[in-house]
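Report on the structure
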Amino acid sequence: MNWFDKLLPTRIRTDSSDKKGVPEGLWTKCPGCGAVLYRAEMERNQDVCPKCDHHGRIGARRRLDLFLDAEPREELAGNLQSSDPLKFKDSKKYKERLSAAQKATGEKDALVVMRGQLKGMELIAAAFEFKFMGGSMGSVVGERFVRGVEAAIEHNCPMVCFSASGGARMQESLFSLMQMAKTSAALNRLAKRGLPFISVMTDPTMGGVSASLAMLGDVNVAEPNALIGFAGPRVIEQTVREKLPEGFQRSEFLIEHGAIDLIVDRREMRDRLANLISLMAGRARPV
Amino acid sequence: MNLNFLDFEQPIAELQAKIEELRLVGDDAEINIQEEVERLEGKSRSLTESIFSKLNPWQISQLSRHPLRPYTLDYIAHIFDDFEELHGDRTFADDPAIVAGMARIDGRAVMLIGHQKGRDTKEKIHRNFGMPKPEGYRKALRLMKTAERFGLPVLTFIDTPGAYPGVGAEERGQSEAIARNLFEMAGLKTPVIATVIGEGGSGGALAIGVADRVMMLQYGTYSVISPEGCASILWKDAAKAPLAAEAMAITAEQLKKQGLIDHIIPEPLGGAHREVEAAARNLKHALIEALDGLAQSPLDRLLEQRHERLMAYGAFTGE
């Protein structure tokens, strides 16, 4: 306590340790247009900027929460964990990276899969958690995705996946590369059963995830202005030694080049996907 | 320094140079140096044996990309008869980084598909250093479908640093081309045998690598990212590539131990490039054996087993 505080009578003295400041995160700045926005308003708006429509990145649980009906919901294969087959270690042990990511996100790995409903239509929905090691795909992500596809086959319902990933998880080396083949093979089975797969690519969807399950939708959807591609822009710049054009590898670039079917605003995702699914199932449009 | 020898092979290169020198001297000298040449050759052989008996993953990674290493077309010339190369994806272009066509092995008709690198600068550029673009993968898929229609087994040869990271490749859907191949190969109604003959670089390799048998030449490598790429991301320093090569388990021996490949094809002493014919013989033998093995299974069983193999990839705990 400094001398000035000591002069004050105890009644009006405030201990600096329980002094209330401005609460953290009450305000937030839009990365798109720089507007300063009230955090609660952003949340009400599904993390889409009300000024410029910038789609902020959101976590896997929030994504599924926004997308699925409130109930029923059942998480699939939630207990799976990587067994670190290579005892991988770079500057840090893979095991340590995993537990740090688990602590930071509350997830066991980078994909959450749920069986639930969309406007009363049963489906399986999966979402990547980008904050879990960049949403990278290793053995657990691959297995959970496949369990989701198998559940869709078992319950004769569609599969929807929201991707947000930097690609394959290096720390599992060839095991993670093989998840590309594994998830694609599972989707082949789903297609043979005549069940739809809708892939929604969100910012960012790159590398091994983009080059497997994400591009294999019967309908490929993207959120506005999401970065979607095989090689990262920095790698391409180093290879071709030229500046990349504005908007390169963004959703609008992809739709122009014929890689995706449509761009859907997050706030319309439930309506539009429900319509698509009902069209594919030959059912009336759900309300 | 002899550029046809890698760093760790330099002692062998020096001995070889000495032997060459003696031979030249021997031609016009009175004395008989035959004995000395033989002695040095023996020494060179045992030196090679000793160096090659304890190669580390980084050295093997360098061998897999050795400038003299045989490429797909070299093996095709040595192993197959009546090769008819087929070109193009029917939509955009022919990608010289992937060669494909029908041929006979031991009298049996097959479809061949492989990455192709170039030997000299001009050819390297023409082949884009063995890095395919979407049209390459689409050509491969088109010909796999042709093979399916005519009941030809598909033999693929993997040897690429990876799919090409370029503007045009992205515009034409590099991701989709790779994904589509993975999707289609999983259900292709004909036997598929994939062999890593050199460098198995990530998704660009896997895009022709979904198979009923996955084999690797002894000094091939197969990984999710190059050791240099991994080192520059995780160690923030590409010079740490030897550490990354070690950590990622990229050699045939390590991958066999992990159950990710089925068979290792031995290479001649010093690597495939020292005796191309012997390497090709070993590869041919392994291919015929794999073809014979797969010919036994009826098609639906083959497809079920392929699916089970793909579903089994992964290492995790907990239910």
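Above this text sits the structure in question.
Please read all numbers here as calculations on a predicted model, not as lab measurements.

**Here we look at the environment of Lys89(A)**
With respect to the helices, strands and loops of the structure, Lys89(A) is situated in the loop between strand 4 (81–82) and helix 4 (94–105). Residues in contact with Lys89(A), not counting those within four places in the same chain, are Trp235(B) and Ala247(B).

**Brief notes about the interface of chain B and chain A**
Between chain B and chain A, the residue contacts involve 48 residues of the former and 54 residues of the latter. With both chains or domains summed, chain B and chain A bury close to 4,500 Å², and 70% of this area falls on carbon and sulfur atoms. The three residues of chain B that bury the most area against chain A are Glu170(B), Phe183(B) and Leu234(B), which together make up 14% of that side's buried surface. Of the charged contacts in the structure, one is a salt bridge between Arg189(A) and Glu304(B), with a shortest N-O distance of 3.4 Å. Counting the contacts that link chain B with chain A gives 16 residue pairs in polar contact (both at pLDDT 80 or more). At the level of elements, helix 7 (167–171), helix 8 (174–186), helix 9 (202–206), strand 7 (221–223), helix 10 (227–235), helix 11 (241–248), helix 14 (299–311) and strand 9 (316–317) of chain B are the ones that each hand at least two residues to the side of chain B that touches chain A.

**With respect to helix 10 of chain B**
Residue and element names in this part refer to chain B. Taken residue by residue, helix 10 has Pro227, Gly229, Cys230, Ala231, Leu234 and Trp235 as its buried positions. Against helix 3 (57–64) and helix 11 lie the buried residues of helix 10. Lysine 236, located one to two residues past helix 10, shows a positive phi value of around 60 degrees.

**Describing the side chain of Asp109(A)**
Residue and element names in this part refer to chain A. Secondary-structure assignment places aspartate 109 in the loop between helix 4 and strand 5 (111–118). At 2.8 Å, the side chain of aspartate 109 forms a polar contact with the side chain of arginine 169. Setting aside chain neighbours within four positions, we find aspartate 109 in contact with Ser82, Leu98, Phe132, Val140, Val141, Arg144 and Arg169.

**Remarks on the pairing of strand 5 (residues 192–201) of chain B**
Residue and element names in this part refer to chain B. Most of strand 5 is tucked away: ten of the ten residues are buried. In the sheet, strand 4 (residues 154–160) pairs with strand 5 via six bridges, with the strands oriented parallel. When the bridges of strand 5 are listed, isoleucine 158 appears paired with valine 196. Sheet topology note: the strand 5/strand 6 (residues 213–217) ladder contains four bridges and is parallel.

**Observations regarding the packing of helix 10 of chain B against helix 11 of chain B**
All names here are of chain B. Contact pair helix 10 / helix 11: the axes reach a minimum separation of 8 Å and the direction vectors enclose 100 degrees. One way to sum up the angle between helix 10 and helix 11 is to call them roughly perpendicular. Along the contact surface, helix 10 presents Pro227, Glu228, Cys230, Ala231 and Trp235, while helix 11 presents Ala241, Leu243, Ala244, Ala245, Ala247 and Met248.

**A word on the pattern of salt bridges**
For the structure shown, the criterion picks out 45 salt bridges over all chains. For Arg267(A), the salt bridge is made with Asp265(A), and the minimal N-O distance between the two is 2.8 Å. Salt-bridge contacts for Asp237(B) lead to Lys240(B); the nearest nitrogen and oxygen are separated by 3.3 Å. Under the relative-accessibility criterion, Asp237(B) is labelled partly exposed at 28%. Residues joined by salt bridges that share partners form a network here, namely Arg65(B), Lys117(B), Asp159(B), Glu199(B) and Glu228(B).

**Some points on the state of the cysteines**
All names here are of chain A. Applying the stated criterion to the full structure yields zero disulfides over all chains. Just so you know, cysteine 49 is unpaired, no disulfide at all, and the nearest cysteine sulfur is the one on cysteine 30, 3.6 Å from it. Free of any disulfide, cysteine 161 has its nearest neighbouring cysteine sulfur in cysteine 157, separated by 14 Å.

**Observations concerning the packing of aromatic side chains**
Taken as a whole and assessed by the stated rule, the structure comprises seven aromatic pairs over all chains. Pairing Phe145(A) with Phe197(A) gives two aromatic rings, centres 6.0 Å apart and planes at 85 degrees, and the pair type is edge-to-face. You can see Phe145(A) sitting in helix 5 (residues 139–154) and its partner Phe197(A) sitting in strand 8 (residues 197–206), a full 52 residues away along the chain. Comparing Phe145(A) with Phe197(A) shows no difference in burial state: the two are buried. Aromatic pair Phe80(B) and Phe157(B): ring centres 6.3 Å apart, planes at 70 degrees, arrangement edge-to-face. Here the residue Phe80(B) occupies a position in the loop between helix 4 (72–79) and strand 1 (81–85), and Phe157(B) occupies one in strand 4, the gap between them amounting to 77 residues. Just as Phe80(B) is buried, Phe157(B) falls in that class too. Among the aromatic residues, those joined into a ring-pair cluster are Phe8(B), Phe52(B) and Tyr219(B).

About the criteria used
In every chain, residue numbers begin from 1 and rise along the written sequence. As they are written, the chains are lettered A onward and the ligands numbered 1 onward, keeping that order. With the structure being a predicted model, the display of local features is reserved for residues of pLDDT at least 70 and the display and counting of side-chain atom pairs for 80 or more, all residues being used for whole-chain, interface and lining totals. Heavy atoms throughout the structure, all of them, feed into the side-chain values; hydrogens and water do not. The helix count covers DSSP runs of H or I at least four residues long, the strand count covers runs of E at least two residues long, and both are numbered beginning at the N terminus. We call two residues in contact when some of their heavy atoms are within 4.5 Å. Once two parts are joined, some of their accessible surface, as seen by a 1.4 Å probe, is lost; buried area is that loss totalled over both. We define a salt bridge as a side-chain nitrogen of Lys or Arg found within 4 Å of a carboxyl oxygen belonging to Asp or Glu. Polar contact criterion, stated in full: a pair of N or O atoms within 3.5 Å, where within protein one must be able to donate a hydrogen and the other to accept it, and residues adjacent in sequence count only if both atoms are side-chain atoms. The buried label applies to any residue whose accessible area, calculated with a 1.4 Å probe on protein chains only, is under 20% of its type's maximum; exposed applies above 50%, and partly exposed to all values in between. Being paired, for any two strands, means DSSP has found at least two bridges between them. Angles here are taken between N-to-C directions and fall from 0 to 180 degrees, while the axes themselves are lines fitted to C-alpha atoms, restricted in helices to the stretch in contact. What sets the label is the angle itself: under 35 degrees gives roughly parallel, over 145 gives roughly antiparallel, 65 to 115 gives roughly perpendicular, and the rest give oblique. A pair of cysteine sulfur atoms is labelled a disulfide when the two atoms are within 2.5 Å. Two aromatic rings from Phe, Tyr or Trp, using only the six-membered ring of Trp, form a pair when their centres are within 6.5 Å; if the ring planes differ by under 30 degrees the pair is stacked, by over 60 it is edge-to-face, and anything between is tilted.

By themselves, these observations are geometric and do not establish any function.
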